[in-house]
Amino acid sequence: MLDAFTALTRGTRLVYSPGLRRYVFLPILVNLLVYGTMLGYVLGHFGGWLDGWMAMVPEWLSWLSWLIWPLFVVSLVLIVFFTFTLVTHLIAAPFYGFLAARVEVEVTGRPPLDDRGLTKTAVDAMARELVKLAYILPRMALLFVLSWIPVLNLIAPLLWAAFTAWIMAITYLDYPMDNNKVSFRDMRARLAARRWPTLTYGGWVTLITWLPLANLFLLPGAVAAAVLMWERHYRGIEAGAAPGGPPQAR
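- Taking an unreviewed UniProt entry as the reference, the protein chain is identified by name as Sulfate transporter CysZ belonging to Halomonas urmiana.
- Turning to the protein chain, the UniProt record has this under Sequence similarities (unreviewed entry): "Belongs to the CysZ family."

The structure is reproduced here in structure tokens:
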């Protein structure tokens with residue numbers, strides 16, 4: 001069995017090998033520019049956001065401020081992180097889609113089913129990212145609302161953590177699946193059919209994204225790892241596999 005951590009380790013080594021590393025540096029540069037811009041903005045506004053949240057705590061819950069304050073901090077950090085991640089991947093998606101295709105050729109010796117050029121990959125990847133956003137944003141908004149509801153907001157950080165792992169899995173595992181003409185709905189069904197590999201992979205990628213600056217150099221390895229996971233865990237699952245049910249080989 002190929003576990004998520006092993007896939008990420010192999011993937012990182014793979015993308016920096018002589019045949020593939022030329023496809024890595026442009027997305028790193030793009031992410032570095034986005035990272036610097038958003039980090040400066042967040043550092044300038046974080047305190048004001050937190051003060052605004054605390055001002056909305058009802059008077060009758062003021063005695064719990066010692067607990068609510070750190071929960072707000074965690075929730076706000078997760079929301080900022082999630083927003084940064086969405087923007088970064090929206091911009092880098094065309095490069096990551098092309099990188100995933102090159103990795104698949106390197107790993108399997110065959111091109112993906114939809115072996116597009118860089119220009120078509122870029123256009124299609126942007127369209128696919130919009131589909132992801134249409135799936136992610138309503139659920140993100142619901143969690144955001146829960147983060148404001150007294151009592152329920154106590155479990156909000158846990159919900160954000162689980163949701164983030166799922167979305168990281170969707171974000172990266174979708175690159176090889178999109179390259180192989182797997183629809184977004186079918187992709188989600190395949191991920192749900194293999195929940196443990198999916199969530200462990202998404203969890204590890206989430207941890208990587210929390211490493212300042214180092215994540216810029218490690219995330220291309222997550223793209224290659226997604227290709228390895230696709231080949232080992234998801235390629236052979238029939239379209240429309242029942243979530244949580246036994247995968248059916250083609």
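**Re the packing of helix α5 (residues 156-179) against helix α7 (residues 195-209)**
So, point 1. Where α5 meets α7, the closest approach of the two axes is 7 Å, and the angle between their N-to-C directions is 95°. Viewed along their axes, α5 and α7 adopt a mutual orientation that is roughly perpendicular. Only Thr198, Leu199, Tyr201, Gly202, Gly203, Val205, Thr206 and Thr209 of α7 make contact with α5, whose side of the interface consists of Thr164, Ala165, Trp166, Met168, Ala169, Tyr172 and Leu173.
So, point 2. Of the residues assigned to the contact of α5 with α7, the class counts are nine nonpolar, six polar and no charged.

**What about α5?**
So, point 1. Here α5 spans 35 Å end to end across 24 residues, near enough to the 34 Å set by a 1.5 Å rise per residue.
So, point 2. At Leu173, α5 is bent by approximately 35°, the largest bend along its length, and proline Pro176 sits one to four residues beyond.
So, point 3. With respect to burial, α5 is a largely interior element, 20 of its 24 residues being buried.
So, point 4. The first or second residue beyond α5 is Lys181, which carries a positive phi of 60°.

**As for the UniProt feature "transmembrane region" (unreviewed entry) in the protein chain**
So, point 1. Here, the residues flagged by UniProt with the feature "transmembrane region" (unreviewed entry) are residues 23-43, 63-92 and 196-219.
So, point 2. In residues 23-43, the share of helix is 90% and the share of strand is 0%. The end C-alpha atoms are 31 Å apart.

**Here we look at the confidence of the model for the protein chain**
So, point 1. Looking at the protein chain, the pLDDT average stands at 80 and 80% of residues meet or exceed 70.
So, point 2. Confidence over residues 242-250 falls short of pLDDT 50; this stretch has 22 contacts with residues more than four positions distant or in other chains.

**Overview of the packing of α5 against helix α6 (residues 184-193)**
So, point 1. Taken N-terminus to C-terminus, the directions of α5 and α6 make an angle of 120°; their axes are 10 Å apart at the nearest point. By the angle between their axes, α5 is oblique relative to α6. With respect to the hand of their crossing, α5 and α6 are arranged in right-handed fashion. Between α5 and α6, the contacting residues are Trp166, Ala169, Ile170, Leu173, Asp174 and Met177 on the first element and Phe184, Met187, Arg188, Arg190, Leu191 and Ala192 on the second.

**Some points on unusual backbone geometry**
Most peptide bonds take the trans form, and the phi angle of most residues other than glycine is negative.
So, point 1. Of note in this structure, Lys181 is not a glycine but carries a positive phi near 60°.
So, point 2. Residue placement: Lys181 occurs in the loop between α5 and α6.

Cut-offs and rules
Residues numbered from 1 in each chain as written. Predicted model: local features only at pLDDT ≥ 70, side-chain atom pairs only at ≥ 80, totals over all residues. Heavy atoms only, no water. UniProt positions renumbered as here; feature names shortened; annotations may be inferred. Axes fitted to C-alpha atoms, helices over the stretch in contact; angles between N-to-C directions. Helix = DSSP H or I, 4+ residues; strand = E, 2+ residues; numbered from the N terminus. Parallel < 35°, antiparallel > 145°, perpendicular 65-115°, else oblique. Contact = heavy atoms within 4.5 Å. Nonpolar A, V, L, I, M, F, W, Y, C, P; charged D, E, K, R; others polar. Expected span 1.5 Å × (residues − 1). Bend = angle between axes of the 7 residues up to and from the residue. Buried < 20%, exposed > 50% of the residue type's maximum accessible area, 1.4 Å probe, protein only. pLDDT = per-residue confidence, 0-100. Left-handed = near helix turned anticlockwise from the far one by under 90°.

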